[in-house]
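If you want the building blocks of each chain, they are given just below.
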Amino acid sequence: MFIHIDNKTYTVKAGKNLLEACLTLDLDLPYFCWHPAMGSVGACRQCAVKVYKDENDMKGRLVMSCMETVTEGLRLSIEDKTAKAFREQVIEWLMTNHPHDCPVCDEGGACHLQDMTVMTGHDYRRYNYKKRTYTNQYLGPLINHEMNRCIQCYRCVRYYRDYAGGDDLNVFAAHNHVYFGREKDGVLQSPFSGNLSEVCPTGVFTDKTLKEHYTRKWDLTMAPSVCNHCSVGCNTIAAERYGQLRCMLNRYNGDVNGYFLCDRGRFGYEFVNSENRIKQALIRSRTNEAATESEIMEHVQSLISMSKVVGIGSPRASLESNFALMQLVGKENFYQGISEDEAHLNRLVVEMLRSGCVHSVSLKEIEQADAVLIIGEDIWNTAPMMALAVRQAVVKTAASQASQEIKIPVWLDSAIKELAQEEKGFLATLTIATSPIDDIATHSWHAAPDDLARLGFAIASYLQPGKIVNTDFSEALLDKAKKIGDALKKAKNPVVITGTSCYNDNVIKAAFDVAVALNTGERKTSFSCVMTECNSMGLAMMGSPSFSVANENIKTNGHATAVILENDVYKHIPSANADEFFNSCDHVIVLDALHNATTEKAQVLLPAATFADGDGTLVNNEGRAQRFFQVIPNTTSQVQESWRWLKKLQTLKLHTLNGHALHPDDLLREMETALPQFEGITNVSPKHDFTIHGEKIPREPHRYSGRTAILANKNVSEPKPFNDGDSPLSFTMEGYKGTPPSGVVPFFWSPGWNSVQSVNKYQEETNGALRGGNPGLQLFKNKSDARDLFFNDVPESFVVAKDRWLLLPKYDALGSGELSSYTAALKTLSPQPFASMSTGSLQALNAKDGDMLQIVDAGIMYGSLPVKADENVCDGVVLVTAGLRESMGMSWGTRVQIKK
Amino acid sequence: MQSLTNRVKPVDRKPMTFLEKIYLWEIAKGMMITIKHFFKRKPTIKYPEQKREFSSVFRGLHILNRDEQGRERCTACGLCAVACPAEAITMEAAERKTGEEHLYREEKYAARYEINMLRCIFCGLCEEACPKDAIYLSQTFTPSNLTRAQFIYKKDDLLIPDPNKDPEQYAKALGDRKRPQ
Amino acid sequence: MGVKLLLDKAHVEGIRYYDVYRREGGYRSVEKALKMSPADIVEEVKKSGLRGRGGAGFPAGMKWSFIAKPEGVPRHLVCNADESEPGTFKDRYLMEFLPHLLIEGLIVASFALGSNATYIYIRGEYAWIPDILEQAINEAKANGWLGKNIQGSGFDCEIYVQRGAGAYICGEETALIESLEGKRGNPRIKPPFPAVKGVWDRPTVVNNVETLAAVVPVINMGGEAYSKIGVGKSTGTKLISACGNINKPGVYEIDMTISVEEFVYSDEYCGGIPNGKRLKACIPGGSSVPILPANLLFKTAKGEQRMMNYESLSDGGFATGSMMGSGGFIVLDEDQCVVKHTLTLARFYRHESCGQCSPCREGTGWMEKILKNIETGKGKMTDIDLLWDIQRKIEGNTICPLGDAAAWPVAAAIRHFRDEFEWHVNNPELCLTQNFGLAHYADAREVVA
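Quick notes on the rules
Residues numbered from 1 in each chain as written. Chains lettered and ligands numbered in written order. Predicted model: local features only at pLDDT ≥ 70, side-chain atom pairs only at ≥ 80, totals over all residues. Helix = DSSP H or I, 4+ residues; strand = E, 2+ residues; numbered from the N terminus. Rg over C-alpha atoms; globule rule 2.2 N^0.38 Å. Buried ≥ 20, exposed ≤ 12 C-beta atoms within 10 Å, placed from the backbone. Contact = placed C-beta atoms within 7 Å. Axes fitted to C-alpha atoms, helices over the stretch in contact; angles between N-to-C directions. Parallel < 35°, antiparallel > 145°, perpendicular 65-115°, else oblique. Left-handed = near helix turned anticlockwise from the far one by under 90°. Nonpolar A, V, L, I, M, F, W, Y, C, P; charged D, E, K, R; others polar. Domains from an automatic or database assignment. Pairing = 2+ DSSP bridges.

1. Looking at the overall build of chain B
- Secondary structure summary: chain B contains six helices and five strands in total.
- Going from the N terminus to the C terminus, chain B shows its helices and strands as α-α-β-α-β-β-α-β-β-α-α.
- Over its C-alpha atoms chain B spans a radius of gyration of 27 Å, topping by over 25% the 16 Å that the globule rule assigns to 181 residues.
- Dimensions of chain B, computed from C-alpha atoms along their principal axes, come out at roughly 90 × 45 × 35 Å.
- Here chain B, with 181 residues, has 27% of them falling under the buried criterion.
- Taking as baseline every contact in chain B between residues at least 6 positions apart, the subset at least 24 positions apart corresponds to 72%.

2. Examining the packing of helix H19 (residues 547-557) of chain A against helix H21 (residues 575-584) of chain A
Residue and element names in this part refer to chain A.
- For the pair H19 and H21, interaxial distance at closest approach is 9 Å and the crossing angle is 40°. In terms of their interaxial angle, H19 and H21 are classed as oblique. Considering how the two elements wind past one another, H19 and H21 form a crossing that is left-handed. Together, Asn551, Ile554 and Lys555 of H19 and Asn577, Glu580, Phe581 and Ser584 of H21 make up the contact between the two elements.
- Taken together, the residues of the contact of H19 with H21 sort by class into two nonpolar, three polar and two charged.

3. Digging into the arrangement of the chains
- Among the two pairs of chains in contact, the pair with the most contacts is chains A and C.
- At the level of C-alpha atoms, the two units chain B and chain C stay apart, their nearest approach being 27 Å.

4. Thoughts on the interface of chain A and chain C
- On the side of chain C, 28 residues touch chain A, which itself brings 28 residues to the contact.
- For the side of chain A that touches chain C, the secondary-structure elements that each account for two or more residues are helix H2 (81-95) and helix H14 (413-420) of chain A.
- Of all the elements, H2(A) adds the most residues to the side of chain A that touches chain C, at five residues.

5. Describing unusual backbone geometry
- B:Tyr47 connects to B:Pro48 through a cis peptide bond whose omega is 5°.
- The backbone of A:Asn767 sits at a positive phi, close to 65°, despite the residue not being glycine.
- Mapped onto the secondary structure, A:Asn767 falls in the loop between strand E28 (729-730) and strand E29 (777-778).

6. Observations concerning the domain arrangement of chain A
- By the assigned domains, chain A splits into domain 1 (2-95), domain 2 (130-253 + 260-271), domain 3 (293-338 + 535-644 + 663-678), domain 4 (355-531) and domain 5 (805-899).
- The centre of domain 1 of chain A, based on its C-alpha atoms, is set 55 Å off from the matching centre of domain 5 of chain A.

7. Observations concerning the pairing of strand E7 (residues 238-244) of chain C
Residue and element names in this part refer to chain C.
- With five of its seven residues buried, E7 lies for the most part within the structure.
- Of the strand pairs in this sheet, E7 and strand E8 (residues 250-254) are connected by five bridges, and their pairing is antiparallel. If you follow Lys238 over to E8, its bridge partner there is Ile254.
- Taken together, the four bridges between E7 and strand E11 (residues 328-333) define a ladder with parallel strand orientation. Within E11, the residue paired with Ala242 across the bridge is Phe329.

Structural data, given as structure tokens:
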């Protein structure tokens, strides 16, 4: 489709609005209320352009470009005098009440309002009256509120309420005194509130954790990173100054997180700066525990050559580190650091996805699904961004149907909203307990895992009769299955989501069966399984036995040295079993970044890098391998990536030191050879020696300040910049200034676009893929000749036992996370550990709400917990908060005794 | 070789005469010039006892200014640092807490502010960039220190004395540049 | 004496009550309409040329014919009784004294549009009127004009009265719909138009009180006959609420054939200016339409006599004309200050802006501040140009017409009374104690004489 802009002809995509078309063509047009993920409402009137009827029309008509669809041969002018004057006037209007406090504003230097003001050319204010002022609110420990800076673009409420489904932020009052905030002071309830800081075009909502150690965007050293706090693997930008991680920003990835992050991901970075970090290698048996690198190498070398070595991998360590450990100890001695139950589930998921019968779904594809079935996973709390994607699917399906009904483009947000009103797309949530996502669900049902699995199988059986053999389903169950099955049948792109958090393989099998049964003909069904940690999938794909097996082996064979990689075993394994393991080991060598219960057991402790001071690759639950890059230059401490420690030990052991520096690329190459399931993993990002015109990609913006002063207080003779040999990124401000390959974009910036909105300039089209394709490498391929995998294990329905309760974990969107809980702000929002049971179960126990209960499993006593009565938990099940700072590993999914 | 310009001056290479060979006359000529200077005005002064008059826009060492109530003007916005062509300024911002209003003028202040005086070229761009009239190049100059590390000026070295507590030192540090406070 | 169609029975004792109203020939139109087909009623209204009496003057029949009729989706009629335009109070009069006339019109219109649930959205400040309406609705119901199976026709209709919270913007039809749905009263972006997706996503027609009341005579006398009253496209009669410096303020029904001069000076209508003062200016159609100075009020720029109808009042466009608007006729005599008057209007529009789009939200507040400065003698000459610049950029660039409504009075005041603004700037002390007066705006009548 051709359009003419200022008498030049351009080709644009049909169906877009003029603003999107202009931005895609790299033309600068200011805007505020439009947001690529949220569409247009035409409220700010900032994006005005002149549109002409035909080439003879000299007068034209002023229109808001975000409200007009492109049409063939359309003539418009951005440079037109009236349009320019109007845009300048709009900024002047918005600026009448803006306090101009940029020097003290956190947004300064990354402010959309600053950019747009400069872009329109407004420089002289004619308004010389008093500005209106507001009282700010306390919005909790994550978000700071400074209402005076507001320019009333309505983006915050549109994001918070319409996009993220929150209801405690709203717009109040009217005329030139509208107020965006809560009804009264209080913590913002949505776990997606952090995005307000990026959605707000100016400094009304800002990152409160950044305030603790504020740095201007231009002063940050930034590197592409991947979130560590759940299995979704959102792309982030880690930002450093003065050796400290200062903040996390969203890194657009059109296939994964898009423009947003959850609060756990955005704010859970403080563990990197924690007091609790291990910075020094220790040999606990010596009087002087601190050891130099050569000492520790020698010591470890002697330990691992003395006896049999067992390696315990980690679902939160990178692929490189896990593989380096596998190489060091040998494939047969490498174990996953998780319980057998969890490992079994993870293996099952890998088997399902590797089969290639159903598509492994990305978040973007979930957003575009027209029906969603969730079985057995509380994704709101275990994978918040996936819940946000499901919400979009549900809301947008109705919207796109409405827009087809009467010809209204999908980006016309306000009109679509009016059309769709309360209509929703299909979502069924079949989970153990209620979740906030149930609010938008068409059907939600809460039952014990086995019953959920039975319903799943019943749906599969309804969709493809005859495939399931044992069909002794009750009438009520069949009725439910029919309702859900009928709705799924109508869909063109249904998605089935499940997860490992109810520790029941039948649930996952049932969900998979539904996906397979649906995947017929034209219908393209996708499947997703949420896992527990950021690299659970990567570890599972390595296909090693679980910790429980390691424990058995050591018990029978005895005498072994254990090397434990970035894993707090006590978080995964009941403490009695873990103690047993450590007692039977001769020596325990631990590599980790933070002190925890496991590092207490270490005789030798090696300081490992976190995601911020090391490189590595993670595989998310979709099977997408994604590379993260070091952002904190390490010049003084002994901290280094675990794989580097392990690789050094290996070269010492094998005497193969050849003087070459070791790169993650080399490890991935070795991994590809050793483990064929990781085929292609070397292409996950540009190699370490990648350059553009001989230049590396700078981690620092060209305005980076204080280069000769920043370290001057430590060393007057200015050390040379830290040399990063592991990646195509450099630790300086010099280097290639253009758009780097999508996987190694350290920050978003473009001339005139200093704020996060500059991401437009990195995309092929607005809201589309990054230039050169979205980063990440999908390891699971859809196979047309896939072996038809189908499970037939319909479990018996759940029977409430008299004195035994099924123990299941209950996660919290903000509080759960071994590492994120080190952020003080998140810790304050995290609940205290508790157990919840139905009133029926409580009566059976003769207990009441608030009593302290003790959970006992096969003689193992867990600490006592207060109990809460919860109507939505089914009888016979006890839910215990999991993943909190205080939480320890429990035998999830087993029947336990409970004592008062 | 052909000359490239027409400004070539051919050198006269004829042999010296007897008078020129004995040099006496030339020595006398040189002595005359020397002796003439005994009677001229002295161009040097007895620094540091005596000091020269400076232009009112002389750019000396930096000061961090305070307002009339003695509060720090700097809000650690970072504009001086980003303007500095020598990249010699670095700072860390902190939030003003309640009860500190008498110390800091606005809600943010510089918890740390350092200038690497070994790198500074005294161009004054920091002064021009400052939106809060907080940093000035004063008329103090020639700092002397025993170690190089001492030339990394901290906030204590830069901050002007409080005009209310120590008006004399304040005026001295400010120099005779009439600045709005 | 002009034709009276709406107010002819207004002064009958007890006309507010059903018995009297029925005795005086009320509800005849319902009886007639129920025998017709809905399409015929729409056709009849179309023929009558009845134009929306809310302000925009859009033909009512056309509006009705646009309503979408999807299968199985209820349709709604909403009566816009959110009469908040300063200077307009004709709907209040109708509802207060002739509630059954409105109910009658509503029943006919509901039948024509197929609305089984009809709403009256009434301005919050009219606190006592919902009671009157509800009483009338109950009376009508008791007599079988509302509820199930009206008069045995098989048509069901309920009328609900919904009170607004006193926002001017809720008089805009889409904002009204939002407010009716219980949301924040922000105007919607069109399309979708209410006729397709209105209240609760259903096809909706929103009409002014007077328009719906006028449906009664249209049906009673037939569209053809109705269209013969009045002149040109301004058919039927129009209620004018006259106020300001006149001897007889009140609501008048005119048949659009009289001249403005007659309306102001005849004893039948406004009865002239009190105390022998001279006319300075007039806003002929409610606060948002352009103000006209005396010399342009009675005669158009072409020198023709200006009549009280849609076409004649807007003759000359905004440069020398104005609009019929909602019929709020505000007269200013020589003692009134145009700057102060404009400030009052600007303050009103600033306060009533919903705060959604920038030009209106920020522009109205700024205009008010500038006008206040000029009014209190603190203005500068550049302020007048600034004011002009701001209003020009608001006009036509907002989501809903409130921006235009706020810009027009300011524009017209500067256009016609710039010398008065300048006088305020040049005489900062004097303007506090004295008025500019008439200056060269001679009373048109004097010029003629």
